[in-house]
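# Architecture and fold: a report
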Amino acid sequence: MQSNAALEYDYTVAKLFTYVTILFGFLGMLVGTILALQLAFPELNYLIGEYGTFSRLRPVHTNTVIFGFTVSGVFATWYYFAQRVLKVSMAESKFLMIMGKAHFWVYFIGALIATITLVFGISAGKEYAQYEWWIDIVIVIIWLMWGVNIFGMIGIRREKVLYVSIWYYLACFLGIAMLYLFNNASIPTYFMTDGLGSINHSVSMYSGTNDALVQWWYGHNAVAFGFTVPIVGMIYYFLPKESGQAIYSYKLSLLSFWGLMFVYLWAGSHHLLWSTVPDWMQTMGSAFSIVLILPSWGSAINMLLTMKGEWNQLAENPLIKFMVIASTFYMLSTIEGPIQAIKSVNAIAHFTDWIPGHVHDGVLGWVVFMTMAALFHMAPRMWKKEIYSKKLMGIQFWMQTTAVVLYFTSMWVAGITQGMMWRAVDEYGNLVYSFIDTVTVLHPYYVIRGISGVLYLAGFILFAYNMYKTITAGRKLTEEPQFRTPMA
Amino acid sequence: MTIHDIQGYGMFFLTILLTVLLYWYILYLYRSEKKGERNFEKYGRIALDDSIGTPPVEEKSASEEDRRTKEQN
Amino acid sequence: MFFHWLEKNPFYFALMVSIVISFAGLLEIVPNFASAARPLSTTTPRTVLELAGKNVYIKDNCIACHSQMIRPFKSETDRYGKYSLSGEYAYDRPFLWGSKRTGPDLHRVGNYRTTDWHENHMLNPPAIVPGSIMPAYKHQFTNVADIETAYAEAVTVKNAFFTPYGPEFKRTRKAWEAHRPKVLEDAKKIAADMKDEGVKKMIANGEVPEIVALIAYLNSLK
Amino acid sequence: MNPIIMKSLGFAALLIIATLAVVVQMDIDLSDSVNAIAVGGAIAIATITSYVTSLYISKMKTESTTGELVDENWDGIGERTNELPSGWAYIFLAVFFWSMWYGLIGYPVNQYSQIGEYNEEVLAHKAKFEKKFENADKEVLQGMGKSLYFVQCAPCHGNTGDGLSGKAHDLTKRMSKAQVLDVINNGSNHLGYAMGMMPPGMASGQDAEDIAAYIAGGLKGEAPASYAACTSCHGADSKGNGGMAPNLIGYDNALLTHVLQNGKKGIIGTMPSFKTMITPIQEKALSEYLQSIAQ
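From a predicted model like this one, the values you see are computed outputs, not experimental measurements.

### Examining the packing of helix α15 (residues 390-423) of chain A against helix α1 (residues 3-25) of chain D
It is the contact of α15(A) with α1(D), at a shortest axis distance of 9 Å, that shows an interaxial angle of 30 degrees. Comparing the axis directions of α15(A) and α1(D) gives the class roughly parallel. Pair α15(A) / α1(D) crosses with right-handed handedness. In contact with Val405(A), Phe408(A), Thr409(A), Trp412(A), Val413(A), Ile416(A), Thr417(A) and Met420(A) of α15(A), α1(D) contributes Phe11(D), Leu15(D), Ala18(D), Thr19(D), Val22(D) and Val23(D). Here the contact of α15(A) with α1(D) is built from residues that sort into 11 nonpolar, 3 polar and no charged.

In structure tokens, the structure reads:
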């Protein structure tokens, strides 16, 4: 075995991914804020001609946040913490190092091109899977390159036991790989004819109800394996590390893991309640969604209990605040989802703004908070600099928390209102409201959401600024902080 | 027997199988800790003691030797 | 012990995770595949012009705000017409059910809206529906719809999935050239009910504007 | 209760009150079980999340780190054995029983059918409303027609029925001059009247102009001589010859029924048939309402 003395963890790739996480986060949220404002003030649809309408921009927003921000955040944290819990440095393997860098560049360039295709309306038409066939191929390559790193690192590890975060990242890798491949299976029309038409176009391998099932089996579990599993993995590493407290119950974390794996996939059909998929399947999706509360809350409670008796840290360390509030929003989101999956509730909630509200308290409150906290934690260790400003971080925390609360409360009320108005029957037994009545009534809530978007985006800009100043002007650290992240 | 029947039975038994496995796993976690075979909670330390200099909670190569000696016995 | 061994062997661990997560998908999706793909006896595949319109629908991502799924509630069937049936979607690749109704459902919009309404509406939605927050889609009146790709799609689904298109649908360019006048004929019929001069001029030049294809598609939703 | 839990429950209460306030303002019927369960679900989400999260967060403040130290010391650092949180174990049981109930009794997987439930809903609706309004009087019908109009007709004809400045038929008048001219020149498509299709070119030139002006003006004053060509089908009183042909003065039940059943095509554009969307009683109601808004 090599001597450990001269060895250091190598964060080159982690740094690169950190930059793009911030970049894509900003872009995704900027577009998101524009979308929110467009719904409140439709004149904003005409800023850049056909490329600026709500409908054209929406996939740009969702895909940039999912495949841009979240996925690069997952990569950045992976290249950081995997070395640490496997106790092996990237510098120890030239192959993994080159693969890591190649992974970054293919990813970055691929992501840029993919975003541009969406702006031009080159789309396969399935939500969260809009990319056309050739971009799918690039995505598969990017994913496999990450897989090489995962298994490579695990192969040369010193720590025998795989820490639970590694489990979650592995599941993220496997889950997304499987779902993405099946859902995006399609046939390019150009090659099925003598070169007729556009080379971009393809048709789905599945049709109608089958396509819907595969799509939501994918769509729901893209949330599972993109927005839940790796983020849980993140908090299982970063919260204990930042606070110096070992996980409250390691056993509970293992249990929750298998529970999540087992239950999550069943729940996909709750996106198709009251549709033309068979009744029994809807019932299964609905019932398993409720069971899903268990593993989700298991993880969240485990996190909150890890901080038991540590009020000082919560009061003084904004990073801990970020992670605790992220767990809280995770709990909110993971009970809201199951309750919305109950058939009677779904009859009201489906197709309304309550659903985007639910999605955003998960993503804004849980995914983004956790990712930002992780990057804040990593920065002083990667660049050996102190965090530039604790005060800015505090301001950012309150701005963004307010924004999330505004977002989900306004969409909550809007969704329930609209859902009930659609059903409302007058004294004669006929519908009371024409569709447009149920749209105009939402205006105030859309304005509130727009404000919350601006607030959240501003908070994210503060985050980016703070990171930038940390990297360029933070006070130098002589040795790596053990637990608590130093900040000025 | 139609495909739906097969599907129904398949789902029923496989769900039971996986549920049993999950409970078995819980049992395993507690039993092996009680008997003192393993201490799961100490793995929580992996996240905390993660400098490259600190020794691993369980050394990988050591355990392989472990197993080999066991197999020989 | 089985579990102990599983946790330390990354390969078998990954295999176990894969088995557990593919389990539900296999049981829920696969057995229903054949029966769900069966069309109703009245369902016909879309014409090339309608397919081109469907691709405009996808390109401008109408699905972001409009669903195509009428749920079996009295409130929905009163508003949109008969509840949706699985077989009606049998030729839809991809399915376009949508997940959000910022605007109304469109699954049977062909029953209660017509060409001229769509024309006026796409040019300026709030003028037709006061308070509407839908953006105008003026560019669809000047952009050319890609009917060749739509034809390629029809041929592809015919050959790969046995969608019942006629024998004249062949993979060659010659077959396409032969079919093209038929598409233009369909487009002309739609344009006859429209007022926009630019659209008529484009049709006369042998080009199909996106709006014509889109309206053909919307009218076919019944 | 400690202040953190209080505050957080306060927030939940606020959210619930806001939701209920809007629901009440919209005059929503909470006796509809779907509405009631949805509101119940919303209340459950707000209170359970607020209570449980604040409970655990307050534990950070009020409790000290507990749990027995594990006997062995591992690398100088003590370990605590913590049992599974009991609250979580209780949810485990509750959720387990709930899902069993849901799949076996609530929506039994082997027999529940949503289409069956829909059919029951429709039957219940019919029993409740259609019988009640079978022999409704004019005033009730007008009220019903008005509410129907706003949902089904206003999207094209506008809230006041004026046809949105020429984008659809103006329902406050019978016909405009241009519309009449168009019908005279091109004939009329089949509305399903017993008289059959009206052929094109029944009149031309100045005659046609005169007729159009006369009809558009509401048939006031003296009829032009050429109008005789019209009365042969539309009746001497221009009211449609006892339901054989369209009424030229106003909207009667027959005209409405024919348009709603067959749709219509004219100079403005096409109106689709609404026969799948509208029941006979609704048709009657709409007709009453339209007669009330037309001058």
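### With respect to the domain arrangement of chain D
Once the domains are mapped, chain D shows domain 1 (1-61) and domain 2 (130-294). When each unit is reduced to the centre of its C-alpha atoms, the spacing between domain 1 of chain D and domain 2 of chain D is 53 Å.

### Side note on unusual backbone geometry
A cis amide bond, omega -5 degrees, links Arg93(C) with the succeeding residue Pro94(C). Relative to the assigned elements, Pro94(C) resides in the loop between α5 (74-80) and α6 (109-112). In the Ramachandran plot, Tyr128(A) falls in the positive-phi region, its phi being about 60 degrees despite a non-glycine side chain. Here Tyr128(A) shows up in the loop between α3 (94-119) and α4 (133-155). One non-glycine residue with positive phi stands out, namely Phe162(C), at about 60 degrees. As for its position among the elements, Phe162(C) is in the loop between α9 (147-161) and α10 (173-192).

### Observations concerning the packing of aromatic side chains
All names here are of chain A. Scanning the model with the defined rule gives 85 aromatic pairs over all chains in all. Look at Phe75 and Tyr107: their rings are 5.7 Å apart centre to centre, the planes differ by 85 degrees, and that puts the pair in the edge-to-face class. One end of the pair, Phe75, is in helix α2 (residues 54-86); the other, Tyr107, is in helix α3, with 32 residues separating them in the sequence. Between the aromatic rings of Phe104 and Phe108, the centroid separation amounts to 5.8 Å while the plane-to-plane angle is 10 degrees, which identifies the pairing as stacked. Of this pair, Phe104 and Phe108 both sit in helix α3, 4 residues apart, which is roughly one turn of that helix. Judged by relative accessible area, which is 4%, Phe104 ranks as buried.

Definitions and limits used
- Position labels on residues start from 1 in each chain and follow its written sequence.
- Chain letters and ligand numbers both follow the written order, the letters beginning at A and the numbers at 1.
- Predicted model: local features are reported for residues with pLDDT of at least 70 only, side-chain atom pairs are reported and counted for 80 or more only, and whole-chain, interface and lining totals are derived from all residues.
- Think of the side-chain values as coming from all heavy atoms in the structure, minus any hydrogens and water.
- Every axis corresponds to a line fitted to the C-alpha atoms, with the helix fit spanning only the stretch in contact, and the corresponding angles, defined between N-to-C directions, vary from 0 to 180 degrees.
- Strands here are runs of E lasting at least two residues and helices are runs of H or I lasting at least four, both read from the DSSP assignment and numbered beginning at the N terminus.
- Angles are sorted into four bins: roughly parallel if under 35 degrees, roughly antiparallel if over 145, roughly perpendicular if 65 to 115, and oblique for all others.
- Crossing handedness is defined as follows: a turn of the near helix away from the far one that is anticlockwise and smaller than a right angle gives a left-handed crossing, while the clockwise case is right-handed.
- The criterion used for residue contact is that any of the two residues' heavy atoms lie within 4.5 Å.
- Any residue outside Ala, Val, Leu, Ile, Met, Phe, Trp, Tyr, Cys, Pro, Asp, Glu, Lys and Arg is labelled polar, Gly included; the first ten of those are nonpolar and the last four are charged.
- All the domain ranges listed were derived from an automatic or database domain assignment.
- Only centres within 6.5 Å qualify two rings of Phe, Tyr or Trp (six-membered ring in Trp) as a pair; their planes then separate them into stacked at under 30 degrees, edge-to-face at over 60, and tilted for everything else.
- In this scheme, a residue with accessible area under 20% of its type's maximum is buried, one over 50% is exposed, and one in between is partly exposed, where area comes from a 1.4 Å probe on protein chains only.

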